[in-house]
Amino acid sequence: MSLKNTLLISFVFGVCFTAYSQQDPLYSQYMFNQSLINPAYTGVNDVLNISLFSRNQWVGLNGAPKTNTLNASASIINNKVGVGMLVARDTYGVNKNTEYQMMYSYKIDLLNGKSISFGLQTGYIDYRYDYSALSLEQADQALDMVDAQITKINFGAGLYFKTNQFYLGASVPRMLDTETQSINGTSTVYRRHFYVSSGYVFDQLISIKFKPSVLIKIVEGQPISIDMNASFLLLESLWVGATIRNFNAVGINSQFELNDMFRFGYSFEYPLNSVGNNTFGTHELMFSVDLEVFKNNAIGRRYF
């Protein structure tokens, strides 16, 4: 058995067959699009937004996660209602999952540019297991799962409060645990995730804005995950920043704003644990466009 096959099998057993179960897809640039984790963000910026994300995690490690995501959201009905959709393709090890979500939000405008939004989402995830990706010297009956393909419906909800300089969000994008049957009995494929996110923009510096952000993820039976990011906006066009995740991965991020409509982002992460010895890091690309399509839509400067 080759080294890559050994790493792949270790990865599969470490991710898929332990009590930790499946994780939600990771995103490095969550602070620029909360729709990835919170349906209440849908339509909050009073525009039609279309965003694409492509993330290759632990490049060089066979079977490592790859995630491609399309997210679109719009503000309608006098910018009170947000509607959106998300399609994500997530592969890792023998898993090839495709997620489809529809999102709805209702926004209440408060004084001085403040607002609070309530969001719901529903959809389903198609789980597929391709055991032909494994190269084993002999067959293992433990891998003969009854469900090589299963489809599960799920529901989510969230809250999102924002001002021109601050945001605070809380969400459970998938409320239901997902279980599957194998010859070994019932196993939990997915456990619901709780998210709390926040960020603030300091604009007292000349031609520079500073935005610290934090994302806290809570999953039953797992350690709390904390992402901390510090980004600077230079000359109102270029974001540059750094991230630390759980004190075992570090990264850098950048985003170029061609104007208030178009944004291009890139991030790089490197694990500080033993995985780093076998990988060229994690790379994530992002493209986003804001459009004025519906009545009362208005493109403007935004930092979240």
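Residues numbered from 1 in each chain as written. Predicted model: local features only at pLDDT ≥ 70, side-chain atom pairs only at ≥ 80, totals over all residues. Heavy atoms only, no water.

Engineer: Outline the overall build of the chain, supporting the account with residue identities and numerical values.
Structural biologist: Within the chain one finds one helix and 16 strands. Across the 304 residues that make up the chain, the buried fraction comes to 46%. In the chain, of all internal contacts separated by at least 6 residues, the share reaching a separation of at least 24 is 55%. Entry remark: accessible area of the chain is about 14300 Å², with carbon and sulfur atoms responsible for 63%. (Helix = DSSP H or I, 4+ residues; strand = E, 2+ residues; numbered from the N terminus. Buried < 20%, exposed > 50% of the residue type's maximum accessible area, 1.4 Å probe, protein only. Contact = heavy atoms within 4.5 Å. Areas by Shrake-Rupley, 256 points an atom, 1.4 Å probe, with all protein chains shown as cover.)

Engineer: Hey, could you go over the nonpolar core for me, with residue numbers and the actual values?
Structural biologist: Generally speaking, nonpolar side chains in soluble globular proteins are found buried as a group. With 23 residues, the main nonpolar core has Leu36, Tyr160, Tyr167, Tyr303 and Phe304 as its most contacted residues. Apart from residues lying up to four places away in sequence, Tyr160 is in contact with Gln34, Asn38, Ala40, Tyr41, Val44, Ser115, Ile116, Ser117, Tyr167, Leu168, Gly169 and Phe304. (Core = buried A, V, L, I, M, F, W, Y, C linked by side-chain atoms within 4.5 Å.)

Engineer: Tell me what's going on with the packing of aromatic side chains, and back it up with residues and numbers.
Structural biologist: Using the criterion set out here, one finds 14 aromatic pairs in the structure. Both rings, one in Trp239 and one in Tyr303, keep their centres 6.5 Å apart while their planes meet at 80°; by these two values the pair is edge-to-face. Here Tyr303 lies in the segment after β16 (282-291) and Trp239 lies in strand β13 (residues 238-245), a separation of 64 residues in the sequence. Taken individually, Trp239 and Tyr303 each receive the classification buried, so the pair is uniform in this respect. Taken together, the aromatic side chains of Phe161, Phe166, Tyr200, Phe202, Phe210 and Phe232 make up a single cluster linked through ring pairs. The side chain of Lys211 reaches across the aromatic face of Trp239, ending 4.6 Å from its centre. (Phe/Tyr/Trp six-rings, centres within 6.5 Å; stacked < 30°, edge-to-face > 60°. Lys NZ or Arg CZ within 6 Å of the ring centre and 35° of its normal.)

Engineer: Help me get a handle on the confidence of the model for the chain, residues and values and all.
Structural biologist: Detailed reading of the predicted model is not advised wherever pLDDT is low. On average, residues of the chain carry a pLDDT of 86, and 85% of them reach 70 or more. In the predicted structure, residues 1-20 sits below a pLDDT of 50 and forms 43 contacts with residues beyond four places in sequence or in another chain. (pLDDT = per-residue confidence, 0-100.)

Engineer: So what's going on with the side chain of Gln57? Residues and values would help.
Structural biologist: As for its position among the elements, Gln57 is in the loop between β1 (48-56) and β2 (66-76). Take Gln57: its relative accessible area is 12%, and that puts it in the buried class. In contact with Gln57, other than residues within four places in its own chain, are Leu26, Ala64, Pro65, Gly281 and Thr282.

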